[in-house]
Amino acid sequence: MYTFKTPAIHTANVLLPAPQVDAARWAVIACDQFAADPAYWQQVVDFVGEAPSTLHMVLPEYLLDEEDRIPGRIASIQAYMQRMLVDGTLESPFASGLVYVCRETGAGLREGLMLALDLEQYDYHDASRALIRATEDTLAPRLPIRMLLREGAALEVPGTMVLFDDPEDTVFTMLRAARPRLDTLYNVELMLGGGSLTGYRVEDEGLLARIDDAFLALLQAQGQDAMLFAVGDGNHSLATAKACWEALKPRLTPLEAACHPARYCMVECVNLHGNAVRLEPVHRLITGADAGAVVTALEQQALRRGLKLAACDAAGMLAPGDGWQLITPLGRADVHITQDTAPGTLQLLMHDALAELPGASIRYIHGADTLFRLCGEQPGAVGCLLPPMRKTDLFTAIKTGGTLPPKSFSLGTAGDKRFYMECRRIR
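Computed from a predicted model, the values in this text were never measured in an experiment. (Residues numbered from 1 in each chain as written. Predicted model: local features only at pLDDT ≥ 70, side-chain atom pairs only at ≥ 80, totals over all residues. Heavy atoms only, no water.)

Along helix H4 (residues 143-151), the positions that sit buried rather than exposed are Leu143, Arg146, Met147, Leu149 and Arg150. Projection of H4 onto a plane perpendicular to its axis shows the buried side chains occupying an angular sector of 160°, all on one side. Those residues of H4 hidden inside the fold are in contact with helix H3 (70-86), strand E9 (155-156), helix H7 (235-248) and strand E14 (264-271). (Buried < 20%, exposed > 50% of the residue type's maximum accessible area, 1.4 Å probe, protein only. Helix = DSSP H or I, 4+ residues; strand = E, 2+ residues; numbered from the N terminus. Arc of directions from axis to C-beta. Contact = heavy atoms within 4.5 Å.)

Written out as structure tokens, the structure is:
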């Protein structure tokens with residue numbers, strides 16, 4: 001087994017569905033997607049049917065409001081995982097290594113590398129100086145249900161994607177060159193227009209050593225306050241793994257703690273500067289209040305902060321770094337904030353505005369088209385269209401200002417999110 005010199009990185013003991021399993025039904029999009037669109041998940045349920053699938057191993061977020069049914073769902077998920085381990089559904093394609101992932105998305109080919117992160121090197125708290133950091137605030141109330149699921153689970157089904165800052169593309173240039181010599185582990189057309197997903201086995205120690213050297217060079221080039229990975233998607237999943245590990249660690253001997261599988265969490269790491277890696281905005285949908293009152297409250301809060309409101313451009317689009325735009329029942333409001341404000345400004349502004357509007361609530365929406373559709377379907381709803389974030393701003397913002405407010409950005413559109421494929425034992 002290869003031992004990485006780069007802190008935080010480890011090989012992963014990967015489990016994959018056996019050849020007789022229909023991979024198109026096995027692979028399901030990350031459970032925190034389409035939370036505001038139950039119709040999408042109904043299509044997933046209809047497509048999967050009774051086939052072996054990661055659908056039965058996760059708790060989609062759109063179901064979290066059904067609190068009385070969650071304990072039963074968690075017990076069913078944990079029992080399903082156990083069955084997958086004994087009935088031949090899952091198998092180990094190699095003893096230890098990494099998986100080089102190529103995903104065709106609407107933005108192009110996105111490359112990733114499946115590896116295990118050492119949770120001892122991760123800290124999701126604001127102002128962290130760990131090698132692995134959260135990009136957005138972790139909401140403590142969202143952890144207990146996830147912890148209840150993970151603490152009794154035999155497997156983890158990775159949906160987390162972490163970013164590394166590699167402007168010269170040193171890691172994936174190397175893997176791209178080696179790809180013709182790598183064995184293919186899976187090649188699947190994903191459901192509901194999700195594109196395609198191919199995974200390659202990476203177990204040659206020479207190649208692993210070169211990957212190790214590339215990551216170590218990226219880390220050393222940063223000097224003080226080095227940050228190797230920033231969480232792009234699945235922040236609460238990784239935070240859950242960390243919280244479960246911290247709860248388990250005191251019950252272990254030092255020798256057990258050094259190698260326990262729960263100390264690690266398998267993730268997909270991607271280069272922030274990859275052509276198909278996009279920091280998409282997460283838009284807001286406000287319901288439960290008069291649209292005119294919402295618009296007035298938002299404008300008043302903007303003015304109180306000294307923000308100038310101006311007409312949007314002729315195309316009605318926002319460039320990276322611009323402010324936000326309102327969508328009202330009468331169409332798009334002709335205002336947006338022109339100043340280059342801090343990433344958390346909108347969140348604070350909306351929080352204060354909604355505090356003045358009893359009954360108003362906010363939902364987070366991926367994709368402008370979805371926002372426009374929901375605004376049209378829900379009378380009186382007001383949408384807030386956000387601009388994309390500049391890639392060059394992300395690592396600097398985390399290092400200098402700490403974590404961003406929740407839902408500050410999305411790693412691609414909802415349909416481009418990670419699909420569950422690999423599994424890993426954690427017990």
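With the exception of glycine, most residues fall at negative phi, and the peptide bonds are largely trans. A positive phi angle, near 60°, is found at Asp169, a position not held by glycine. Here Asp169 falls in the buried class, since its relative accessible area comes to 19%. A positive phi is found at Asp225, a non-glycine position, where the angle reads about 55°.

Attention now goes to empty space enclosed by the protein. The tally for this structure, following the rule as stated, stands at 2 cavities of 30 Å³ or more. In this structure, the largest cavity encloses a volume near 820 Å³. Lining the largest cavity we find 45 residues, and of these Cys31, Arg146, Gly234, His236 and Ser237 sit closest to its centre. Of all the secondary-structure elements, those providing two or more residues to the lining of the largest cavity are H4, E9, strand E13 (229-233), H7 and E14. (1 Å grid on protein atoms, 1.4 Å probe; cavity = no way out; pocket = protein on both sides within 12 Å on 5 of 7 lines; lining within 4 Å. Points joined across faces, edges and corners; volume = space filled by probe spheres on them.)

Another aspect to go through is the environment of Gln82. Residue position: Gln82 is located in helix H3. Here the alpha-carbon distance between Gln82 and Leu155, two residues 73 residues apart in the chain, equals 8.3 Å. Setting aside anything within four residues of it in sequence, one finds Gln82 in contact with Ala154 and Arg427.

Before going further, it helps to spend a moment on the layout of surface pockets. Of the volumes computed, that of the largest pocket is approximately 730 Å³. Taken together, 27 residues form the lining of the largest pocket, with Ala35, Ala36, Glu61, Tyr364 and Lys407 sitting closest to its centre. Those elements giving two or more residues to the lining of the largest pocket turn out to be H4, strand E20 (361-366) and helix H11 (368-377). Take the lining of the largest pocket: its biggest share by element is 5 residues, from E20.

A few words now on the pairing of strand E10 (residues 161-164). Consecutive side chains of a regular strand alternate in pointing toward one face of the sheet and then the other. Because side chains alternate across E10, one face comprises the buried residues Met161 and Leu163, and the other comprises Val162 and Phe164, equally buried. Relative to E13, E10 is paired through 3 bridges, and the arrangement is antiparallel. Within E13, the position partnered with Met161 by the bridge is Asp233. (Pairing = 2+ DSSP bridges.)

Tallied over the entire structure, the rule returns 11 aromatic pairs. With centroids separated by 5.1 Å and ring planes inclined at 90°, the aromatic side chains of Tyr2 and Phe4 adopt a geometry described as edge-to-face. Phe4 gets classed as buried once you look at its relative accessible area, which sits at 10%. Ring geometry for Tyr122 against Tyr124: centres 6.1 Å apart, planes inclined by 50°, an arrangement best described as tilted. Across this residue pair, the class does not change: Tyr122 and Tyr124 are buried. (Phe/Tyr/Trp six-rings, centres within 6.5 Å; stacked < 30°, edge-to-face > 60°.)

The final tally for this structure, using the stated rule, is 27 salt bridges. Residue Lys249 is joined to Glu120 by a salt bridge in which the shortest nitrogen-to-oxygen separation is 2.8 Å. With Lys249 in the loop between H7 and helix H8 (254-259) and Glu120 in the loop between strand E6 (108-118) and strand E7 (122-123), the pair connects residues that are 129 residues apart, well separated along the chain. Arg418 is the partner of Glu422 in a salt bridge, and the nearest nitrogen-oxygen pair spans 2.4 Å. (Salt bridge = Lys/Arg side-chain N within 4 Å of Asp/Glu carboxyl O.)

Now for the packing of H4 against H7. Two elements in contact, H4 and H7, have axes separated by 9 Å at closest approach and are oriented at 65°. Crossing hand, H4 versus H7: right-handed. Side by side, H4 and H7 meet where Leu143, Arg146, Met147, Arg150 and Glu151 of the first sit next to His236, Ala239, Thr240, Ala241, Ala243, Cys244 and Ala247 of the second. Class assignment for the residues of the contact of H4 with H7 results in 7 nonpolar, 2 polar and 3 charged. (Axes fitted to C-alpha atoms, helices over the stretch in contact; angles between N-to-C directions. Left-handed = near helix turned anticlockwise from the far one by under 90°. Nonpolar A, V, L, I, M, F, W, Y, C, P; charged D, E, K, R; others polar.)

An ideal rise of 1.5 Å per residue puts 20 Å on 14 residues; H7 measures up with 20 Å between its terminal C-alpha atoms. When you tally the buried positions in H7, you get 11 out of 14 residues, the bulk of the element. Within H7 the residues assigned to the buried category are Asn235, His236, Leu238, Ala239, Thr240, Ala241, Lys242, Ala243, Cys244, Trp245 and Leu248. Buried positions along H7 lie against E7, strand E8 (132-133), H4, E13, H8 and E14. (Expected span 1.5 Å × (residues − 1).)

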